[in-house]
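# Architecture at a glance
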Amino acid sequence: MIEERVRFEKFVESGGFKRANKNIIAGRAVKPCGRECEDYGYKIVEYFDHKSLENFKNLMDNSEFLIRCASISPNPKDCTNYFYNFVNENLKRNKSFRMEFLKAIYLNDNVYTLESINWFVETFGYERENTKLLNDPEFKKCFEARLGECIAYPQYHYDGQVKKNLTTYKKLRNDIKILNQNREDGLREILSTFKREKTESDIIDEWLFGTSC
């Protein structure tokens, strides 16, 4: 792992990643620099086109690396050639891996709409895992912790000299406010799909009327 990181640092220092960056942006796949390097893989997954990872066979069989990627990548729905397409087929059938991968999708900061969750579940056949996850009270608590997360507002630097700067700042602040509200609304919609835990009132109703929620 240390050798791979050193190799990647040398690759960056030599200008290799600048060339790779141009290729990825242009929609061309890149290949590993010598040995397959996790640091290089993490860089690739930050882009919206993951086709390069088809060339990283070892990384596509590394469950820890892949679950980490699932938690930091852009919204899978917005990606071209989302890296899950290239995951080793045997690993895709591993029940433990599938559950942890789906959890990572739910906890990814870039995934905050029910539409995005459903897209992943339906596209890659995760209906069974999703049903199980939505009935998991412990994971529900983990997901609830995402409520209130928001993008920080930019620091105010207006000096009163250029009015255009104030207008730009206000627009940016308003855009961030709208985005934060959309994130909060989306997260609450996702949370509403989890199984509701019984309250004391529910238990009393069941006892009195024989009903359940």
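For the structure, see preceding data.
Description of the structure in this document. Note that this is a predicted model, so its numbers are computed, not measured.

### Looking at the packing of helix 6 (residues 95-107) against helix 8 (residues 127-134)
- The interhelical angle for the contact between helix 6 and helix 8, taken along N-to-C directions, is 65°, at an axis separation of 10 Å. In terms of their interaxial angle, helix 6 and helix 8 are classed as roughly perpendicular. In this structure, helix 6 crosses over helix 8, and the sense of that crossing is right-handed. The segment helix 6 lies against helix 8, with Arg98, Met99, Leu102, Lys103 and Tyr106 engaging Glu129, Asn130, Lys132, Leu133 and Leu134.

### Topic: the environment of Thr193
- Mapped onto the secondary structure, Thr193 falls in the loop between helix 10 (163-191) and helix 11 (200-209).
- On the basis of relative accessibility, which here comes to 29%, the residue Thr193 falls in the partly exposed class.
- Between the C-alpha atoms of Thr193 and Asn135, which are 58 residues apart in sequence, the distance is 9.4 Å.
- Ignoring anything within four residues of it in the chain, the contact list for Thr193 reads Leu114 and Leu134.
- Within the structure, the side chain of Thr193 is placed 2.5 Å from the backbone oxygen of Ile190, a separation counted as a polar contact.

What counts and how
Residues numbered from 1 in each chain as written. Predicted model: local features only at pLDDT ≥ 70, side-chain atom pairs only at ≥ 80, totals over all residues. Heavy atoms only, no water. Axes fitted to C-alpha atoms, helices over the stretch in contact; angles between N-to-C directions. Helix = DSSP H or I, 4+ residues; strand = E, 2+ residues; numbered from the N terminus. Parallel < 35°, antiparallel > 145°, perpendicular 65-115°, else oblique. Left-handed = near helix turned anticlockwise from the far one by under 90°. Contact = heavy atoms within 4.5 Å. Buried < 20%, exposed > 50% of the residue type's maximum accessible area, 1.4 Å probe, protein only. Polar contact = N/O pair within 3.5 Å; in protein donor to acceptor, adjacent residues only side chain to side chain.

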